[in-house]
Amino acid sequence: MTSTPQHPDSTARTVLKSQAVTAPERLFSLVLALVATESGLTKADILTNVQGYRQRYSSAGSNDSLERQFERDKDDIRELGIPLETIEPADEPGSNHFLRYRIPKGLYDLPADVTFTPDEVSLLKLAGTVWREGSLSGESRRALMKLNSLGVESSEPLLGYAPLLRTKDLSFEPLSKALGRAQVVAFLYLKPGEMHSARRVVTPRALVQHEGRWHLYATDEVVQAPRTFLLGRIVGTVAVVPNAIPTPTSAGGNETSIGNAANGTTDGARALAELDALWASNTARIVVAPGSDAEVRLGARQTAQNPASTVDLSTASERTLHFTDLNILADELAGFGPEVFIESPPALRAAVRNRLVAARDAHAANFLVAPSGRLPRRRTTSLHAMTAQTGTHARVASDQLTLLLALVPYLLDQGQVTVTEVAAHFGLTAERVRALVSLIALSGIPGETRQYLHGDLFDILWDEFETNDRIVLTHQVAIDDSPRFSAREAAALIAGLQYLSALPHNADTDAIASLMAKLTRGASAPPTQLAVAQRDGGTTRNIVQTALSTGMQVEFDYLNARGAHEHRVVDPLRLESVDSDWYLRGWCHLREAVRTFRLDRMSDPRVSAVPLSAHPVDLLLPDTLFQASADDVDVRLELATAALPLLADYRPERSELVDSGARTRTTLRVAHDHALKRLVTSLAGIVTVLEPAESRRAVLDWAEAGLAQYGGDEQSPTSKD
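Bear in mind the structure is a predicted one, so any value in this text is a computation, not a measurement.

Draft legend 1. Local environment of the overall build of the chain. Tallying secondary structure elements over the chain gives 23 helices and 26 strands in all. In the chain, buried positions account for 50% of the 721 residues. A sequence separation of at least 24 residues applies to 69% of the contacts in the chain between residues at least 6 apart. In the structure as shown, the chain presents an accessible area of about 32,400 Å², 51% of it carried by carbon and sulfur atoms.

As structure tokens, then:
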């Protein structure tokens, strides 16, 4: 057993530690002090008496940096959903010097009527894991910590299922924060179908995911009307507009109460309803090439959109699809090149052909890459990953503080519990549990003497802790109940539940609605307006899920990314989703290795009568769906610098600015040219392949083959013979 830090005796505990106080310790001490006071503490009270501040306070010199630290700490605490109140002195209103701060315990504690059953906890944990990537991963992680503080063990999880909602767009984080703070923001927006970005000034009202893409529903402050923006087309930095006052919304337009959430009148529900109506009203008719990627994937989409349809897609060459935005669909269909011909609407056909013309013209000339200096060395970390690392220290402190606040009520409710049991319940190492418990036991409030005396501190049975690895909390200070969820934490779980509600296992919409209402009541403020559209995953997903749950093999015909058709027999190991795309990970008997399969590339899936094969106990699934290969090709691209976020999903490397910074050259690693030519033609006029020459030629041939279907007249649509 790892040794525990020795317990100081009662006398020693009255003397504060001389070593530097960490950020989590300082924040924990601040929360305890502000919960313990009813009348509130002034800034001077806090800086001179509270652990983490008093050590740095100077009675004679300047405390400017310490005061700035306190201001940042207040923001961090509020971000966690902790209700930090500011009280003005009655005799000196407006005086910042005598402002008092407190955390009302009644607003801090989770309401007594917000309880969760084991089945609900299991579903909430799955909803939390939906956000394991992106800017809301921290919120969902901290929400689950608070959920764990209740001590309710979850029921059996849904095995073999790993959902994922991504917020890969770099604009998501600043927009979601501006949304919660009712701030006006400005950004450059590259409208689908256009080549140049324009500045937009908006007040965010909701962030919604529809058809696998995140949208911002906002009030455009220039025209003072609601507009919807695709996050993937927001380029550059999202900046808060100083001193801007948001345009008031129409009556009830921005309400986020439980009642409005239930009857669908929130901004998020309104945005999704508008997108759904637009989607239902737009229909495209597309002819697909037999045996092509487009035939299989667009056929799977048509089946998912119209599950009651009796059309035999195995013999039909036409696909009928609903769509939300003509230009977004045109981008996608242009990527299919000669595999599709657009019958209607004519505007879509013209838009696809225009993109193919742009891709052809950009790659037709013998293009020589002018030297721009020495090429940067390969990065071991992508630009996207480096950006995601920003603010890591703040997130660590927030996680640590949340853990401390969650551990205290859990330990009180348990009475006595072993380190191993706590580690298993919270998903921590035993070593980390010991460190957290030791920190709690040495924490408290200044007390009447301002000296952190023995009665002002938490206490545990130290002999039990040090000898038997058992935790018994014998004295608590200030907090004794689970904390409320923050607005963003509740929103993350609610959106995760919306995403999961399309699963057959979660078809009880009343139960999910009840759970969402509990989360809303358990939040410290109305949940941030996030919403996710529900879409049927189709029969293929249900077949694969059946194979997983029954322990049987699944077999299907598969069209791989290179366009080859093969019959596969697979031992299903996990069903994964990424936004609106579904994947099967399993042991492929043809390749005799773990492989990943897109469900929309499967045909004729069926559960086999053969049970799963035995595999080595150390058979592990990689953390990522797709892994790099030694055969991957480095492709050099050029695009406008403002458009670089459009490639974030592909982890661009070795980026360098050219043309005075207006354009960027970057490198993508691709498995084969089939994927590259689809990517570049879907971003026609925006991205150009520079080298290697073979990849450049592949894009040119693909665009020309697609154009050939429309005849020689490039000015107006032509009918296909």
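On we go.
Draft legend 2. Inspection of the packing of helix H16 (residues 419–426) against helix H17 (residues 430–441) at higher detail. Where H16 meets H17, the closest approach of the two axes is 9 Å, and the angle between their N-to-C directions is 105 degrees. Taken together, the axes of H16 and H17 are roughly perpendicular relative to one another. Packed against H16, whose contacting residues are Val419, Val422 and Ala423, the element H17 presents Ala430, Val433 and Arg434 at the interface. A per-class count over the contact of H16 with H17 returns five nonpolar, no polar and one charged.

Draft legend 3. Representation of the pattern of salt bridges. The tally for this structure, following the rule as stated, stands at 46 salt bridges. In this structure, the salt-bridge partner of Lys74 is Glu71, at a minimum N-O distance of 3.0 Å. Of the two residues, Lys74 and Glu71 are both situated in helix H4 (residues 64–79); the distance of three residues between them amounts to about one turn of the helix. A salt bridge links Glu173 to Lys177, with the nearest nitrogen and oxygen atoms 3.4 Å apart. Residue Glu173 and its partner Lys177 are located together in helix H8 (residues 172–181), separated by four residues, close to a single helical turn. Bridged by salt links that share partners, the residues Glu139, Arg141, Arg142, Glu173, Lys177, Asp399 and Arg488 form one connected network.

Draft legend 4. Here's a closer look at helix H10 (residues 267–281). Taking 1.5 Å of rise per residue, the 15 residues of H10 would be expected to cover 21 Å, and the 21 Å separating its terminal C-alpha atoms lies within 8% of that figure. Within the span of H10, buried status applies to Asp267, Gly268, Ala271, Leu272, Leu275 and Trp279. The buried residues of H10 occupy one face: seen down the axis, they fall within an arc of 130 degrees. On the buried face of H10, the contacting elements are strand S6 (198–210), strand S7 (213–220), strand S8 (225–230), helix H11 (293–305), strand S11 (318–322) and strand S17 (530–532).

Draft legend 5. Here's a closer look at the sheet that holds strand S12 (residues 340–344). Within the open sheet, the three strands sit side by side as S11-S10-S12. Their pairing is antiparallel. Only two strands of the sheet have a single partner each, and these edge strands are S11 and S12. Along the sheet, successive strands turn relative to each other by an average axial angle of 30 degrees, direction set aside. In terms of strand pairing, strand S10 (residues 283–288) meets S12 through four bridges, oriented antiparallel. Bridge pairing in S12 places Ile286 opposite Ile342. Its contacts with the sheet place helix H13 (residues 346–364) against S10 and S12, and it is angled at close to 150 degrees to S12.

Draft legend 6. How the structure looks around the side chain of His363. With respect to the element layout, His363 can be found in helix H13. The exposure class assigned to His363 is buried, which follows from its relative accessible area of 3%. Within the structure, His363 has its side chain in polar contact with the backbone oxygen of Ala359 (distance 2.8 Å). From its side chain, His363 meets the backbone nitrogen of Val689 in a polar contact 2.9 Å long. Not counting the four nearest positions on each side in its chain, His363 is found in contact with Val680, Val687, Thr688, Val689, Arg696, Val699 and Leu700.

Draft legend 7. Spotlight on the nonpolar core. Membership of the largest hydrophobic core comes to 65 residues, with the highest contact counts inside it found for Phe116, Leu175, Phe187, Leu207, Leu216, Leu497 and Leu584. Per-element tally for this core: the top contributor is helix H19 (residues 487–500), with nine residues. When near neighbours in sequence (up to four residues on either side) are disregarded, Phe116 contacts Val121, Leu124, Leu147, Leu150, Val152, Phe485, Leu515, Lys518 and Leu519. Listed in part, the 57 residues of the second largest apolar core include Leu401, Val417, Val419 and Trp462.

Draft legend 8. Seen up close, the packing of helix H6 (residues 118–129) against helix H20 (residues 509–521). Their axes nearest at 12 Å, the elements H6 and H20 cross at an angle of 80 degrees. It follows from the interaxial angle that H6 and H20 lie roughly perpendicular. Along its contact with H6, which presents Glu120, Leu123 and Leu124, the element H20 presents Ile512, Leu515, Lys518 and Leu519. Residues that form the contact of H6 with H20 fall into these classes: five nonpolar, no polar and two charged.

Draft legend 9. Molecular detail of the pairing of S8. Direction of pairing for S7 relative to S8: antiparallel, over a ladder of six bridges. Each residue of the ladder has a partner; that of Thr219, found in S8, is Pro226. Turn length for the S7-S8 hairpin, with the two strands adjacent in sequence and antiparallel, is four residues, and the turn residue Gln224 shows positive phi of about 55 degrees.

Draft legend 10. Focus on the pairing of strand S25 (residues 663–670). Summarising burial for S25: six of the eight residues are buried, a large majority. Note that strand S23 (residues 633–640) and S25 share eight bridges and pair antiparallel. Looking at S25, one finds that Val635 is bridged to Leu668. Across four bridges, the pairing between strand S24 (residues 653–658) and S25 is antiparallel. In the strand pairing of S25, Val658 is matched with Arg663. Joining the antiparallel neighbours S24 and S25 is a turn of four residues, in which Asp659 adopts a positive phi near 55 degrees.

Draft legend 11. Examining the packing of aromatic side chains more closely. Using the criterion set out here, one finds 14 aromatic pairs in the structure. On the basis of an interplanar angle of 70 degrees and a centroid distance of 5.0 Å, the ring pair of Phe172 and Trp214 is categorised as edge-to-face. Within this pair, whereas Phe172 is found in helix H8, its partner Trp214 is found in strand S7, the two being separated by 42 residues in sequence. The exposure class assigned to Phe172 is buried, which follows from its relative accessible area of 1%. Here the aromatic rings of Trp462 and Phe465 are separated by 6.1 Å at their centres, their planes lie at 70 degrees, and the arrangement is edge-to-face. A residue pair is termed a helical-turn pair when its members lie 3 or 4 positions apart in one helix, as Trp462 and Phe465 do in helix H18 (residues 462–468) at three residues.

Draft legend 12. Geometry of helix H21 (residues 538–550). Its 13 residues give H21 an end-to-end C-alpha distance of 19 Å, which sits within 8% of 18 Å, the value for a rise of 1.5 Å per residue. Turning to H21, the residues buried within the fold contact strand S18 (552–559), strand S19 (565–578), strand S20 (581–588) and strand S22 (602–611). Following H21 by one or two positions, Gly551 adopts a phi angle in the positive range, close to 70 degrees.

Draft legend 13. Looking closely at the environment of Leu657. Residue placement: Leu657 occurs in strand S24. Sequence separation of Leu657 and Leu639 is 18 residues, and the distance between their C-alpha atoms is 10.0 Å. Excluding residues that lie within four positions of it along the chain, Leu657 makes contacts with Thr641, Arg663 and Thr664.

Draft legend 14. Quick look at the side chain of Asn49. As for its placement among the helices and strands, Asn49 is situated in helix H3 (residues 43–49). Within the local environment of Asn49, its side chain forms a polar contact with the side chain of Thr48, the two groups lying 3.2 Å apart. Beyond its immediate chain neighbours, meaning those up to four positions away, Asn49 contacts Arg54, Pro446, Arg450 and Tyr452.

Scoring rules and cut-offs
Residues numbered from 1 in each chain as written. Predicted model: local features only at pLDDT ≥ 70, side-chain atom pairs only at ≥ 80, totals over all residues. Heavy atoms only, no water. Helix = DSSP H or I, 4+ residues; strand = E, 2+ residues; numbered from the N terminus. Buried < 20%, exposed > 50% of the residue type's maximum accessible area, 1.4 Å probe, protein only. Contact = heavy atoms within 4.5 Å. Areas by Shrake-Rupley, 256 points an atom, 1.4 Å probe, with all protein chains shown as cover. Axes fitted to C-alpha atoms, helices over the stretch in contact; angles between N-to-C directions. Parallel < 35°, antiparallel > 145°, perpendicular 65-115°, else oblique. Nonpolar A, V, L, I, M, F, W, Y, C, P; charged D, E, K, R; others polar. Salt bridge = Lys/Arg side-chain N within 4 Å of Asp/Glu carboxyl O. Expected span 1.5 Å × (residues − 1). Arc of directions from axis to C-beta. Pairing = 2+ DSSP bridges. Polar contact = N/O pair within 3.5 Å; in protein donor to acceptor, adjacent residues only side chain to side chain. Core = buried A, V, L, I, M, F, W, Y, C linked by side-chain atoms within 4.5 Å. Phe/Tyr/Trp six-rings, centres within 6.5 Å; stacked < 30°, edge-to-face > 60°.

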